[in-house]
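Letter by letter, the chains look like this.
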Amino acid sequence: MADLRIEGEREPLLGDTPGSREWDILETEEHYKSRWRSIRILYLTMFLSSVGFSIVILSIWPYLQKIDQTADTRFLGWVIASYSLGQMVASPIFGLWSNYRPRKEPLVVSIFISVAANCLYAYVHIPASHNKYYMLVARGLLGIGAASTDEIEVPQGNIDQVAVVAINVLFFVALFIFAVFETIIAPLTMDMYAWTQEQAVLYNGIILAALGVEAVVIFVGVKLLSKK
């Protein structure tokens, strides 16, 4: 039993090597191609989602100032936090929902919420007053719509719950730092370098794009170095 367990731990996690134990028992060639097609679509979807997130998060402060002159940096913090609060509240709900019902149901509902929230966010400048509160609601709804991508399911079987908790904590810390950085970068650079709103969005976008290219290079390099 110990030898089988050690052998299983050394095999690729996704069983992508023909002849491996997972390959022979669990999937055929057709299933293998279908699975990797789904994974690549998921990669593309997450990439486009991250691009959209970066574009929106960088322009929130100039957009908020444009639609409502009474908004200050404290309210900006609430606007940014509303997304995470909505996602935090909705994620367990969608997770439980997907455990007892077909997973397409929470996914479809979250898509409709996201579409409605994006439409509201695009037109928050139209109302005659209280525009900043409409933006707050829109960001909160966007967080609820995004909760289906991080569904929290009820644990089943023999699961290392310590590892699960550790991964979630690390994920939270990483996203916390990322959100803080992208939230303050626009107002901070506008104050430090006397940039206009347009310049702050443009130059910070270029900086983040360069960081993204650097991250890709690092990930590819780590993959190549790990083989050695």
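Given the structure is predicted, the values throughout are model-derived calculations rather than measurements. As a convention, each chain's residues are numbered from 1 in the sequence order in which they are written. With pLDDT at 70 or above as the cut-off, local features in this predicted model cover only qualifying residues; side-chain atom pairs require 80 or more to be listed or tallied, and sums for whole chains, interfaces and linings still use all residues. Computation of side-chain values: all heavy atoms of the structure, hydrogens and water removed.

A. Structural view of the overall build of the protein chain. Only DSSP runs of H or I reaching four residues or more are called helices, and only runs of E reaching two or more are called strands; each is numbered from the N terminus. Looking only at helices and strands, the protein chain has eight helices and zero strands in total. Each helix and strand of the protein chain, ordered N terminal to C terminal, gives the series α-α-α-α-α-α-α-α. Among the 228 residues that make up the protein chain, the fraction classed as buried is 26%. By definition, residues are in contact when any of their heavy atoms lie within 4.5 Å. For the protein chain, the share of sequence-separated contacts (at least 6 apart) that also reach a separation of at least 24 residues comes to 64%. Accessible surface, the protein chain: about 16100 Å² in total, of which carbon and sulfur atoms supply 69%. In this scheme, a residue with accessible area under 20% of its type's maximum is buried, one over 50% is exposed, and one in between is partly exposed, where area comes from a 1.4 Å probe on protein chains only. In these tables, accessible area is a Shrake-Rupley quantity obtained with a 1.4 Å probe, and a residue counts as shielded only by the protein chains included in the view.

B. The arrangement of the UniProt feature "transmembrane region" (unreviewed entry) in the protein chain in detail. UniProt positions are given in the numbering used here, feature names are shortened, and annotations may be inferred rather than shown by experiment. When the UniProt feature table is mapped onto this chain numbering, "transmembrane region" (unreviewed entry) sits at residues 41–63, 75–95, 107–126, 162–181 and 201–225. Helix makes up 80% of residues 107–126 and strand 0%, whereas the separation of the span's terminal C-alpha atoms amounts to 30 Å. Structurally, residues 162–181 comprises 100% helix and 0% strand, and the distance from its first C-alpha atom to its last is 29 Å.

C. Summary view of the confidence of the model for the protein chain. For the protein chain, per-residue confidence averages 80 on the pLDDT scale, and residues scoring 70 or more make up 84% of the total. Mean pLDDT per element in the protein chain: helix α1 (residues 2–10) is the minimum at 48, and helix α6 (residues 131–146) is the maximum at 91. Under a pLDDT of 50 for its full length, residues 4–16 has, in the predicted model, 17 contacts with residues more than four places off or in other chains. Values of pLDDT, which run from 0 to 100, indicate the predictor's confidence residue by residue.

D. Representation of a nonpolar patch on the surface. Together, Val 165, Val 169, Phe 172, Val 173, Phe 176, Ile 177, Val 180, Ile 184, Leu 188, Met 192 and Tyr 193 make up a nonpolar patch on the protein surface, roughly 1100 Å² of accessible area in all. Along the polypeptide, Leu 188 turns up in helix α7 (residues 161–193). Of the residues examined, Leu 188 reaches a relative accessible area of 41% and is grouped as partly exposed. Without a salt bridge and with relative accessible area above 30%, a residue can belong to a patch; like charges are then joined within 9 Å and nonpolar side chains (Val, Leu, Ile, Met, Phe, Trp, Tyr) within 5 Å. Take a side-chain nitrogen of Lys or Arg and a carboxyl oxygen of Asp or Glu: if they are within 4 Å of each other, that pair is a salt bridge.

E. Quick peek at the packing of aromatic side chains. Pairing of aromatic rings covers Phe, Tyr and the six-membered ring of Trp, with a centre-to-centre limit of 6.5 Å; geometry is then stacked below 30 degrees between planes, edge-to-face above 60, and tilted otherwise. All chains considered together, the criterion is met by five aromatic pairs. Pairing Tyr 63 with Tyr 121 gives two aromatic rings, centres 5.3 Å apart and planes at 65°, and the pair type is edge-to-face. Remark: Tyr 121 occurs in helix α5 (residues 104–122) and Tyr 63 occurs in helix α3 (residues 29–67); sequence separation between them is 58 residues. Overall, the relative accessible area of 10% leaves Tyr 121 in the buried class.

F. Structural detail: α3. Compared with the 57 Å implied by 1.5 Å per residue over 39 residues, the 55 Å span of α3 between its first and last C-alpha is a close match. What the bend at a residue measures is the angle between two axes, fitted to the seven residues ending there and to the seven starting there. The principal kink in α3, of about 50°, is found at Ile 60, preceding the proline Pro 62 by one to four residues. Of all the residues in α3, the buried ones are Trp 36, Ile 39, Ser 54, Ile 57, Leu 58, Ile 60, Trp 61, Pro 62, Tyr 63, Leu 64 and Ile 67. Tucked into the core, α3 has its buried residues touching α4 (73–100), α5, α6, α7 and α8 (197–226). Each residue after the first adds 1.5 Å to the expected span of a helix.

G. Examining unusual backbone geometry more closely. A positive phi angle is found at His 130, which is not glycine, with a value near 60°. Here His 130 lies in the loop between α5 and α6. Phi is positive for Ala 194, which is not a glycine, with a value near 55°. Residue class for Ala 194 comes out exposed when judged on its relative accessible area of 63%.

H. Examining the side chain of Asn 204 more closely. Tracing the chain through its elements places Asn 204 in helix α8. What makes Asn 204 buried here is its relative accessible area of 0%. Any pair of N or O atoms that falls within 3.5 Å is considered a polar contact. Within protein, one atom must be able to donate a hydrogen and the other to accept it, and sequence-neighbouring residues count only if both atoms are side-chain atoms. A polar contact is formed between the side chain of Asn 204 and the side chain of Thr 189, at a distance of 3.1 Å.

I. Structural detail: the nonpolar core. With 17 residues, the main nonpolar core has Ile 60, Leu 64 and Met 135 as its most contacted residues. The biggest single contributor to this core is α3, with six residues. Setting aside chain neighbours within four positions, we find Met 135 in contact with Tyr 63, Leu 64, Ile 67, Val 79, Tyr 121 and Val 124. Remark: nonpolar core denotes a set of buried residues (Ala, Val, Leu, Ile, Met, Phe, Trp, Tyr, Cys) joined through side-chain atoms within 4.5 Å.

J. Representation of the packing of α3 against α4 within the structure. Here the axes come from fitting lines to C-alpha atoms, over the contacting stretch only for helices, and the angles between their N-to-C directions go from 0 to 180 degrees. Taken N-terminus to C-terminus, the directions of α3 and α4 make an angle of 150°; their axes are 10 Å apart at the nearest point. In terms of orientation, α3 and α4 fall into the roughly antiparallel class. In the packing of α3 onto α4, the handedness of the crossing is right-handed. Of α4, the residues touching α3 (which contributes Phe 53, Ile 57, Ile 60, Trp 61 and Leu 64) are Thr 73, Phe 75, Leu 76, Val 79, Ile 80 and Tyr 83. The classification used treats Ala, Val, Leu, Ile, Met, Phe, Trp, Tyr, Cys and Pro as nonpolar, Asp, Glu, Lys and Arg as charged, and all other residues, Gly among them, as polar. In terms of residue class, the contact of α3 with α4 is made up of ten nonpolar, one polar and no charged. Any angle that falls under 35 degrees is termed roughly parallel, while one over 145 is termed roughly antiparallel, one within 65 to 115 roughly perpendicular, and all others oblique. Note on convention: the crossing is left-handed when the near helix lies turned anticlockwise from the far helix by less than a right angle, right-handed when the turn is clockwise.

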